[in-house]
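Architecture at a glance
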Amino acid sequence: MKIIEHWINGSVAGPGPRTTPVFNPATGWQQAQVALASQADVDAAVAAAAAAFETWSESSLTQRTQVMFAFRQLLVEHEEELGRIISAEHGKTVDDARGEIVRGREVVEFACGLGDILKGKFSDQVSRGVDVHNFRQPLGVVAGITPFNFPAMVPLWMHPIAIATGNTFILKPSERDPSAANFVAELYKRAGLPDGVFNVVHGDKEAVDAILTHPGIEAVSFVGSTPIAKYVHESATKSGKRVQALGGAKNHAVVLPDADLEFAANQITAGAYGSAGERCMAVSVAVAVGGVADALVGVLEGKARAVKVGPGDAPDIEMGPLVTKAAQERVENAVGAAAAQGATVVVDGRGLKIDGHEEGFFTGPSLLDHVTAEMDAYKEELFGPVLAVVRVDTLDEAIDLINANPYGNGTALFTGSGEAARRFQRKVEVGMIGVNVPVPVPMSYYSFGGWKDSLIGDSPVHGPEGIRFYTRPKVVTTRWPQPKQQVAAGFTFPVSS
Ligand code: NAD
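Residues numbered from 1 in each chain as written. Predicted model: local features only at pLDDT ≥ 70, side-chain atom pairs only at ≥ 80, totals over all residues. Heavy atoms only, no water.

Some remarks on the environment of valine 289
Following the sequence through the fold, valine 289 ends up in strand β14 (residues 283-289). When the C-alpha atoms of valine 289 and threonine 492 are compared, they prove to be 65 Å apart, with 203 residues separating the residues in sequence. (Helix = DSSP H or I, 4+ residues; strand = E, 2+ residues; numbered from the N terminus.)

Section: the nonpolar core
Counting 68 residues, the largest nonpolar core has Val254, Val255, Leu367 and Leu387 as its most contacted members. Grouped together as the second largest cluster of nonpolar side chains are 58 residues, Ala152, Leu156, Leu246 and Ile467 included. (Core = buried A, V, L, I, M, F, W, Y, C linked by side-chain atoms within 4.5 Å. Buried < 20%, exposed > 50% of the residue type's maximum accessible area, 1.4 Å probe, protein only.)

Focus on unusual backbone geometry
Here lysine 452, not a glycine, exhibits a phi torsion of approximately 55°, which is positive. In this fold, lysine 452 is placed in strand β21 (residues 451-452). The residue lysine 484 is not glycine, and still its phi comes out positive at about 65°. Along the chain, the position of lysine 484 falls in the segment after β23 (471-479).

Observations concerning the layout of surface pockets
Approximately 760 Å³ is the volume attributed to the largest pocket. Lining of the largest pocket is provided by 35 residues; of these, Pro147, Arg176, Gly224, Ser225 and Ile228 occupy positions nearest its centre. Elements represented by at least two residues in the lining of the largest pocket include exactly α8 (205-213), β11 (219-223), α9 (226-238) and α12 (325-340). Per-element tally for the lining of the largest pocket: the top contributor is α9, with four residues. Within the lining of the largest pocket, the residues separate by chemical class into 18 nonpolar, nine polar and eight charged. Residues lining the lining of the largest pocket come from more than one domain, with at least three contributed by each of domain 1 (3-247 + 454-476) and domain 2 (251-435). (1 Å grid on protein atoms, 1.4 Å probe; cavity = no way out; pocket = protein on both sides within 12 Å on 5 of 7 lines; lining within 4 Å. Points joined across faces, edges and corners; volume = space filled by probe spheres on them. Nonpolar A, V, L, I, M, F, W, Y, C, P; charged D, E, K, R; others polar. Domains from an automatic or database assignment.)

Given below as structure tokens:
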């Protein structure tokens, strides 16, 4: 059985006594074991990263830029290979996996512009003979703890920015699909990144707790479910670290009566069932406004039934299996519970069997109608291919519904009205908004982050917020007196003259 090991100081580091199985979700069979790090493994990674920081933080912007350009090129050349590695452990289609690599690569492209991004400012003559300038410096060793659903893209939200700004990085990826992290580590090495700047420790809560409390780690970036995001934020903050912690989601797509129904239903279907609904920006609630509901549900039903489900590496497949058997059972139980609580199951994805993959963790697309805000299918993040339709009378009612939801990651409005779109984007309490765009993931030069329980603390990831997060500012006030020039020292608080 293949063992997936840690990557410390530029090479694989043998596993200790603890491992956990890694499955192929399409077959349902175990395909590898992954090491689970102990405190000693995390200590070794921190020691390697701390030693590397001494030289990497002194490297020139030119050297760092060259590494980023080379790394970007390797991500282009190995997109298909990395896509297949992701698909084999996550279950998503290879094309979908390639999509996440492209979106993650955009962060590397942003980081390639670090020479411009890291420019400080200079103010001449703030007082007579006095100038001020500022610049930003790296923090030191920083860590990222990431979820299973984007094993390449979510870490790529973090490490290119952290490394480009002069930090050294420890990644703790999800133990369910760990191989992408090691592949990326090898690409960095080939790109010329010095050993110890990028490290991977695999593991579970024991590894996470070792990171959260480690005195040698300055900052922690986390993306995952809300309860763990809250735990990470609280624990790491208590240990004096800078923390960014992104949580779960329940994303609503509102459809107004003036929307192009065919267009909206197409977009919502892809947003709901793409990647089997295992996206933090997946559409999980369609809010039908006014008289649009019956027609919308009719079109959505046809499209849900047409989704091609199968193994992620087969051609023409649109939706793969869920990541684990537990996830499959959780999602199917939720559909049953919704029916018991009064929802109409328009399309029932439970019990789907794929020929030749009978033990795979498949469930088909499910469409629920007449869902209300009191039902569990509305309140819980199901993280599966289940779309719930909630019916309301007005746009304001739709906005109230969204604002009462504890999550605020993404939302979308389908309409032909600019006035409605403007009102929606100003009133809705959500961080990322799409107008006729179902999954509005911002480009890398903007930052990514939701509101409320979708982001604990105050720091979104990548883009300008990423630069701010991984660096500390310094402001320097300078005076160069002329030879023998005497400047009176005042005992009152210094003011400009
Ligand atoms: P998860 O919270 O179970 O795991 C995330 C990370 O935390 C993993 O590395 C895992 O090993 C670790 N972890 C799990 N349990 C832990 C514990 N008890 N103590 C310490 N560490 C623990 O999330 P997941 O199931 O891997 O990913 C799906 C979740 O991530 C969904 O809720 C989804 O919405 C969310 N997500 C959010 C975003 C976003 O940008 N807001 C992006 C992607 C995923």
